[in-house]
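Overview (structure and organization)
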Amino acid sequence: MAGLFISLEGVEGAGKTTLIQKMVAYFGRCGKEVLLTREPGGSELGKKLRGIILNAEEKICPTAELLLFLADRAEHTETCIAPALAQGKIVLCDRFIDSTVAYQGYGRGMDIDRLNMLNALATNDLKPDLTILLDLDPEIGLARATARNIAQNLTVSEGRFEAEALEFHQKIRTGFLTISRREKRFLVVNAAQDADAVFADVLKALERLLEEKESE
Ligand code: TYD
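As a starting point, this report considers the structure included with it. (Residues numbered from 1 in each chain as written. Predicted model: local features only at pLDDT ≥ 70, side-chain atom pairs only at ≥ 80, totals over all residues. Heavy atoms only, no water.)

**Digging into the site of the ligand**
As a structural note, the neighbourhood of the ligand is formed by 15 residues, with Glu12, Lys16, Arg95, Thr100 and Gln104 the closest of them. For the ligand, an oxygen atom lies 2.5 Å from a polar atom in the side chain of Thr100. Measuring from a nitrogen atom of the ligand, one finds a side-chain N or O atom of Gln104 at 2.8 Å. Per element, the largest residue contribution to the shell around the ligand is four residues, and it comes from helix H4 (residues 97–107). Considering only residue class, the shell around the ligand consists of five nonpolar, three polar and seven charged. (Near = heavy atom within 4 Å. Polar contact = N/O pair within 3.5 Å; in protein donor to acceptor, adjacent residues only side chain to side chain. Helix = DSSP H or I, 4+ residues; strand = E, 2+ residues; numbered from the N terminus. Nonpolar A, V, L, I, M, F, W, Y, C, P; charged D, E, K, R; others polar.)

**Some points on helix H5 (residues 112–123)**
The end-to-end C-alpha distance of H5 is 16 Å, a good match for the 16 Å that 12 residues give at a rise of 1.5 Å each. Those residues of H5 that sit buried are Ile112, Leu115, Asn119, Ala122 and Thr123. Take H5 and look down its axis: the buried residues cluster within an arc of 80°, on one side only. The outward face of H5, more than 90 degrees from its buried face, is lined by the exposed residues Asp113, Arg114, Met117 and Leu121. Where H5 is buried, its residues meet helix H3 (62–86) and H4. Immediately downstream of H5, the backbone of Asn124 shows phi near 55°, a positive value. (Expected span 1.5 Å × (residues − 1). Buried < 20%, exposed > 50% of the residue type's maximum accessible area, 1.4 Å probe, protein only. Arc of directions from axis to C-beta. Contact = heavy atoms within 4.5 Å.)

**Looking at the packing of H3 against H4**
Across the interface, H3 lies against H4 with an axial gap of 11 Å and an inter-helix angle of 175°. When the interaxial angle is binned, H3 and H4 end up roughly antiparallel. Contacts between H3 and H4 pair Glu65, Leu66, Phe69 and Arg73 from the former with Ile97, Thr100 and Gln104 from the latter. Considered class by class, the residues forming the contact of H3 with H4 number three nonpolar, two polar and two charged. (Axes fitted to C-alpha atoms, helices over the stretch in contact; angles between N-to-C directions. Parallel < 35°, antiparallel > 145°, perpendicular 65-115°, else oblique.)

**Let's talk about the sheet that holds strand S1 (residues 4–10)**
On the basis of which strands lie adjacent, the open sheet formed by five strands has the order S2-S3-S1-S4-S5 and parallel pairing. The open sheet has two free edges, formed respectively by strand S2 (34–38) and strand S5 (186–190), since each of these has just one partner strand. Geometrically, the sheet is characterised by an average inter-axis angle of 20° between neighbouring strands, direction not taken into account. Pairing of strand S4 (residues 130–135) with S5, which is carried by five bridges, proceeds in the parallel orientation. Bridge assignment links Leu133 to a residue of S5, and that residue is Val188. (Pairing = 2+ DSSP bridges.)

**Comments concerning the packing of aromatic side chains**
Taken as a whole, this structure holds five aromatic pairs when the rule is applied. A centroid spacing of 6.3 Å and a plane angle of 70° characterise the contact between Tyr26 and Phe199, whose relative ring orientation is edge-to-face. With a gap of 173 residues between them, Tyr26 in helix H1 (residues 16–29) and Phe199 in helix H8 (residues 195–214) connect regions that are remote in the sequence. Residue Tyr26 is classed as buried on the basis of its relative accessible area of 9%. (Phe/Tyr/Trp six-rings, centres within 6.5 Å; stacked < 30°, edge-to-face > 60°.)

Any functional reading would require information beyond the geometric quantities listed.
Next comes the structure, spelled out in structure tokens:
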């Protein structure tokens, strides 16, 4: 069986981490091999890039920021995601191409068609089989993310984007929803529900997808 590529997207504090833990446990029970990874920072090069990209104290111009995300994605796709899929693994990726379109495109105002082309270049046209969008009002998400940062003793420097105004995050939410209407691979989940209800919605889609894959 060929691998299965699942990406997770959403505004800050939408609950991706909790959902991912539940998905990893589920695939474990099914006896599937999983590569759990994230952007930015999934590859060795990416770990270094992540430190640069997310350091809020150092100002980076929007184009340089975009190209760093894309460099991270190119290396990550080539050295981590594609090999894992070739080995038949399930790849769970915390953010992927749609974050660039939502944050740099809808958030920062960069040209969407150009971003789609650059994403295609960085990924060698690879797209997820399933993209789970945890949709949430950013006001709730940011409150959750701030509480988490305080609990984990993180400084502002850990969250360049968390420091942006609410209006920026609202554009991102709208951006994700707009992309989700254009691409069939999306499952949009109401992330204002509790974590078990979110997972129940995801599970239905996963079971369908696994059945489809196994009959291939
Ligand atoms: P991270 O700490 O991983 O945030 P989260 O837990 O919300 O996923 O930081 C990644 C940040 O980078 C997040 O604010 C989204 C942003 N981002 C982009 O702006 N463009 C991109 O292409 C990617 C992958 C992430």
